[in-house]
Every structure is written in C-alpha cells, then in structure tokens.
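Structural description and commentary
Now for the letters of each chain:
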Amino acid sequence: MDSCLANMGTKTHFPIAGKIGFGNGESGFGVENGRGNVKGKGKGLMINGFLSRSLRADTRVRGIRPGVISSVMTSDNGRDTTTEQIRIYEKQVAKPKNVASVILGGGAGTRLFPLTSRTATPAVPIGGCYKLIDIPMSNCINSGINKIFILTQFNSASLHRHISRTYHGNAINFGDGFVEVLAATQTPGEAGMNWFQGTADAVRQFLWLFEDVRNKEIENILILSGDQLYRMDYMDFVQNHIDRNADITVSCVPVGESRASDYGLMKTDSTGRVSQFYEKPKAADLKAMANTRRLGLSREDAMVNPYIASMGVYLFKTDVLLELLTQIYPTANDFGSEILPSALNQHNVQAYLFRDYWEDIGTLKSFYDANLALTKESSKFQFYDPKTPFFTSPRFLPPTKMDNCKIKDAMISHGCFLRECIIEHSIVGERSRLDSGVELKDTLMMGADSYQTELEIASLLAEGEIPIGVGRNTKIRNCIIDKNAKIGNDVFIMNKDGVQEADRSSEGFYISSGITVILEKAKIKDGTVI
C-alpha cells in the first residue's frame, strides 16, 4: 500500500467512508494514529518522502510540519463528502508551577563527622563561600521551581539562619511561590512523639501541607538531597517523567564497582523501566546488579561503570506519593530501602540517566576530594556559569588583600588577609588570615564567621593567646580546617606517618581516611606537630 502526507486542518472534508477507508471502495483515505493512508493504484510521485500513486498533485509540497495531521486526496474521490472533527493530541508540556520540591536536610550527618558535630550537613561550607544547601536550592531556582520545602532536624540552627539570610529577599524572586522550612516537631498522639525516622517518614509527617489550597495545582513532587554537588535542570527531568507517563522517576548515574555498594542500585528493561532496586548491595548481590548496557553506554564505558546508581533524586506523581505513604506502605520509613523496591510491581517506575557531573558528598573523603577538584583549571564542575548561577548568602565583604604571596591552583574567597604565604591546590574560605611564611597545600580552609581587628590580634598575641587564622611559618598538608580555628606559629600538620584514623578531639583534631581535620574553634598551640 502506498501513501503520502499533506497538511490537514482540524475540520476536513473526507470522501464518504467505505469498507477500506474513505472513498469509493477502490481508493480512498484512512486515518490511523494520526496519519493519513492513501490507497490507490497506478504510478505517481514522491511527496515529503512518502510515495503516492494515481495522484494528480503539485510536486512542490510545502508547509508539512511535525505534529500536524496530514492527508492527500486522490483523483478518484467521489463527489459525496463528509465533514469530520479530528481530535488533536498535543504533547503535555511540563510546567514549573505544577511541581513542588522537598529538600531533605534533617539527617544526623554521621558520614561527615566531625564537620557536622555542630552543623547540619546541608549547612557545611563548600567551594569556599557556598553551603551544600545552595546546590539544590539554586538548581530549583534556575529550573523555575518556586515552591520549595526544606525538612530539617539535627543541628539545624545554622541551616535555618543561612536559609533566612539567603532566600528570604535578597533580590531572589519566588513570585507566587515560597521557601518553607519544616523542622521536625512533636505532635499529639503516640505516633506524633517520634522524630523523623527516615526520608519517607519525614515527608509523610508533612503530607498535610499538600492538602493546602495553595498547593492544589501541584501534580508532581520532587524529592532532593541536601548533600550533593551537581548542576541540573529539573524541568528536563520532569518532562521525561511526563513523557513516559511514569508514576515515579529515579534520576541515576553510571558508577564503577569501587563505589557501587555505597548507593542504591537499579536494573532496567529495554524501555527504561526499573525492574529491580537494591539499596547498597554487597558481595554477590552487588555482582548481580551490573546493568549499564541497557542505558545505551558504549561497551568500554559500561565495563568501567557497570552499575546504575540512584542519585537520591526522585520524582513522584502527587497522588501516587500520597497513596504510597499513607495507604500502601504507611509504616515504611525510607525511600531507597523500602518504598522504591516495593513499588516496582504495582507502579511505573522509570530511570532517568543524568549525563553530567554529579558527586555525592557522602563521606569526609568524597567531600574533601570534591572540594579540591574545584581548584583545577579544567575541573569537571564549575560554579562559573552566568546562565545558571549558584546563590548564597550575600556577606558584603571586601576583596581579598594579598601581600607578596605565591598562589597556584587555588580558590580564594572574599575578605581574606594573605601575607607572604604559599598556597597550592587549596581552597581558602572567607575572612581567612594567613600570616607570613605559611604554606598551605592540598588543604580546605573554611574561614571565619567574623573579623578580628588588627588591634584585637595584637592584644591576643601580647597575652600569649592565638588569634583566628594560621600563624607564622606554619606548614599544613592534606588537611580540612573547620570554621574559626586558631592555629599558632611554627605548627606542622603533615600526618607523615600516614595514620588513617585517630580521635584526638581533646587536642583539637581528628584524622579520618588519612585526612587531618582541625575542629571548629579548635586551638592548636605554637610548635605543635601533627
């Protein structure tokens, strides 16, 4: 059977329908899945790539566009015609106003200890002047999503302060949206006496918010983590979710065997539907989850990264999420280990492959590595994108002042005082003070929350005290220096013995994965050797 295409309006005159289509029984016009099929005999011509025969038509067919119902009238059509109303199906376009995001920021932060001993994980500094919470917040803003809930629980004071200073005002326009902090709280009843028991339970405790009148138009709920580094347009993610008519979509990345057991792993079928989900498998269970060839990776890439890891970024249809948390699995506490594996059989769970840079700040080592990777000239992740900027609290600090310093592969934040020092492959946080003779290498220095004046510094030194910052002739390697630390003169922090783990909190530091961590507000005396 031969056919061709031409434009057809929403109301078109057809030949009266016969047994094989519209027409006189020998030739005519049929419609199937929005395409016109011309049935005829004899020789004809090529129109827009479709061959037609027995047609008298101009060969120069114009105006045929994707998404438009098309047809061709044959020369044999009878004079009797009928008018039919054709229903046009348009692609559903994702709209930010129909999406709300929920950022999970209430975990105990044990994986980033001791940085989280007084601070919630999302409030930990990254990249010199940002906080981890700024990553998902900025991705939401750049994606046009302006309805944002942030769930908090542990050590949340500094996180609340940062959110208030950064996202309430400061020229960030949320229009008819909002940024709302939902702190863990106790409510009447036995169940209400519990704090958040996990990611799913945290969302469940605030589901009543989605019954609010102002949230009626929310069709999809985006669940995000507050401890990751990546740049993502969430509306591409939402559009993929809608196009596949998914109940749940899980954003994923390919990973290698060395890190695979740290994540929830998935298997998918040829359509991208998730067929198996296993949270942090080990040994034989891990081997059974290799599956990246289904994602379309080359053979070489699939061998290097044979596993599909969940990013912890989930998208739920609102009604599906409500049903899962309140009716089907009312006692399940965690999305990764309970909700998702159980939902696979009854719901359409799709995988969305994220092809850009993504790093889970899941351990102190990964946090340290991700930060120092930013100092490279060709780093895989860049904060410097004018179209999708990352927002943070405006501190109104002056430029950094440097006097005869040597700096290589480093990031220096605002408001620092650097005097005759050497900085290599390091990040120096805001308001940092490095005195003459200091050498900083492979080090993340988080800076200070306030200044000490020259008079205050001189007074402290005269009294034998140590001011905030790093004193003269101090050498530091492979180290994280937390906020407001006081490090004296002639200190050596090298870990030359290669100690992997040590609790020396009474002396102001820990060693974790071979990295020395100077504690917040710690005091390291002159001449100390670590």
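Conventions and cut-offs
Residues numbered from 1 in each chain as written. Predicted model: local features only at pLDDT ≥ 70, side-chain atom pairs only at ≥ 80, totals over all residues. Heavy atoms only, no water. Helix = DSSP H or I, 4+ residues; strand = E, 2+ residues; numbered from the N terminus. Contact = heavy atoms within 4.5 Å. Areas by Shrake-Rupley, 256 points an atom, 1.4 Å probe, with all protein chains shown as cover. pLDDT = per-residue confidence, 0-100. Buried < 20%, exposed > 50% of the residue type's maximum accessible area, 1.4 Å probe, protein only. Phe/Tyr/Trp six-rings, centres within 6.5 Å; stacked < 30°, edge-to-face > 60°. Disulfide = S-S within 2.5 Å. Axes fitted to C-alpha atoms, helices over the stretch in contact; angles between N-to-C directions. Parallel < 35°, antiparallel > 145°, perpendicular 65-115°, else oblique. Nonpolar A, V, L, I, M, F, W, Y, C, P; charged D, E, K, R; others polar. Salt bridge = Lys/Arg side-chain N within 4 Å of Asp/Glu carboxyl O. Polar contact = N/O pair within 3.5 Å; in protein donor to acceptor, adjacent residues only side chain to side chain. Core = buried A, V, L, I, M, F, W, Y, C linked by side-chain atoms within 4.5 Å. Pairing = 2+ DSSP bridges.

**As for the overall build of the chain**
When its secondary structure is counted, the chain shows 11 helices and 34 strands. Sequence-distant contacts in the chain: of pairs separated by 6 or more residues, those separated by 24 or more amount to 64%. Here the chain has roughly 26100 Å² of accessible surface; of this, 48% comes from carbon and sulfur atoms.

**Focus on the confidence of the model for the chain**
Confidence in the prediction for the chain averages 82 pLDDT; 80% of positions are at 70 or higher. Here residues 1-70 is a poorly scored stretch, pLDDT under 50, and it has 151 contacts once near neighbours within four places are set aside; other chains count.

**So, unusual backbone geometry**
Of all residues except glycine, most have a negative phi; of all peptide bonds, most are trans. A cis amide bond links Phe-113 with the next residue in sequence, Pro-114, at an omega value of 10°. Position of Pro-114 among the secondary structure elements: in the loop between strand S8 (99-105) and strand S9 (125-126). Its identity as a non-glycine residue notwithstanding, Asn-245 has a phi of 50°, on the positive side. Here Asn-245 shows up in the loop between helix H4 (234-243) and strand S15 (248-255). Residue classification places Asn-245 among the exposed positions, given a relative accessible area of 52%. Phi is positive for Asn-478, which is not a glycine, with a value near 50°.

**A closer look at the packing of aromatic side chains**
Scanning all chains against the criterion turns up 15 aromatic pairs. On the numbers, 5.4 Å between centres and 85° between planes, the contact of Phe-383 with Phe-390 is edge-to-face. This pair shows no difference in class: Phe-383 is buried, exactly as Phe-390 is. Ring plane angle 70° and centroid distance 6.0 Å describe the contact between Phe-417 and Tyr-451, whose orientation is recorded as edge-to-face. Residue Phe-417 is located in strand S23 (residues 417-419), and its partner Tyr-451 is located in the loop between strand S26 (439-445) and helix H11 (454-462); the two are separated by 34 residues in the primary sequence. An aromatic cluster of at least three residues, connected via ring pairs, comprises Tyr-130, Tyr-357, Phe-381, Phe-383 and Phe-390.

**Thoughts on the state of the cysteines**
Applying the stated rule across the entire model yields zero disulfides. The thiol sulfur of Cys-421 is not disulfide-bonded, and the nearest other cysteine sulfur, from Cys-405, lies at 3.7 Å.

**Some remarks on the packing of helix H8 (residues 318-328) against helix H9 (residues 335-343)**
At their nearest, the axes of H8 and H9 sit 12 Å apart, and the two run at 110° to each other. By the angle between their directions, the pair H8 and H9 is classed as roughly perpendicular. Residue-level contacts link Leu-321, Leu-324 and Leu-325 of H8 to Phe-335, Ile-339 and Ala-343 of H9. Of the residues in the contact of H8 with H9, the class split is six nonpolar, no polar and no charged.

**Things to note about the pattern of salt bridges**
Per the counting criterion, the structure on display carries 18 salt bridges. Between Glu-217 and Lys-147 there is a salt bridge, with its nearest N and O atoms 3.4 Å apart. One end of the pair, Glu-217, is in the loop between helix H3 (199-204) and strand S13 (220-225); the other, Lys-147, is in strand S11 (residues 147-152), with 70 residues separating them in the sequence. Of the charged contacts, one joins Glu-430 and Arg-395 as a salt bridge, the two residues approaching to 3.2 Å between their closest N and O atoms. Placement of the pair is Glu-430 in the loop between strand S24 (422-428) and strand S25 (433-434) and Arg-395 in the loop between helix H10 (364-373) and strand S21 (401-403), with a sequence separation of 35 residues. Residue classification places Glu-430 among the buried residues on the basis of a relative accessible area of 6%.

**What about the side chain of Ser-432?**
Counting through the fold element by element, Ser-432 comes out in the loop between S24 and S25. Those residues within four positions of Ser-432 in sequence are excluded, and the remaining contacts are Gly-415, Cys-416, Phe-417, Met-445 and Gly-447.

**Side note on H4**
In terms of residue burial, H4 counts as a mostly covered element, since eight of its 10 residues are buried. The set of residues buried in H4 consists of Tyr-234, Met-235, Phe-237, Val-238, Gln-239, Asn-240, His-241 and Ile-242. With a side-chain oxygen lying 3.0 Å from the backbone nitrogen of Met-235, the N-terminal cap of H4 falls on Asp-233. Once H4 ends, the next one or two residues include Asn-245, with phi positive near 50°.

**Brief notes about the nonpolar core**
Of all hydrophobic cores here, the largest spans 67 residues; its most connected members are Met-137, Leu-222, Leu-229, Tyr-230, Phe-367 and Ile-480. For Leu-229, the residues in contact, after removing those within four places along its chain, are Ile-126, Ile-135, Tyr-357, Trp-358, Glu-359, Ile-361, Ala-370, Leu-374, Phe-381 and Phe-383. The next biggest cluster of nonpolar side chains, apart from the first, holds 45 residues, and it includes Val-102, Ile-223, Ile-248 and Val-349.

**Considerations on the environment of Asp-262**
The topology assignment puts Asp-262 in the loop between helix H5 (257-260) and strand S16 (264-268). Using a relative accessible area of 42% as the deciding quantity, one classes Asp-262 as partly exposed. Considering only alpha carbons, one finds Asp-262 and Thr-363, 101 residues apart in sequence, at a separation of 10.0 Å.

**Topic: the pairing of strand S18 (residues 307-317)**
Put simply, side chains in a regular strand alternate between the two faces of the sheet. Where burial is concerned, most of S18 is hidden: nine out of the 11 residues are buried. As judged from the four bridges shared by S13 and S18, these two strands associate in the antiparallel manner. Looking across to S18, one finds that Leu-222 is bridged to Leu-315. Both S15 and S18 contribute to a ladder of eight bridges, which runs antiparallel. Considered in S18, the bridge of Ser-251 is made with Val-313.

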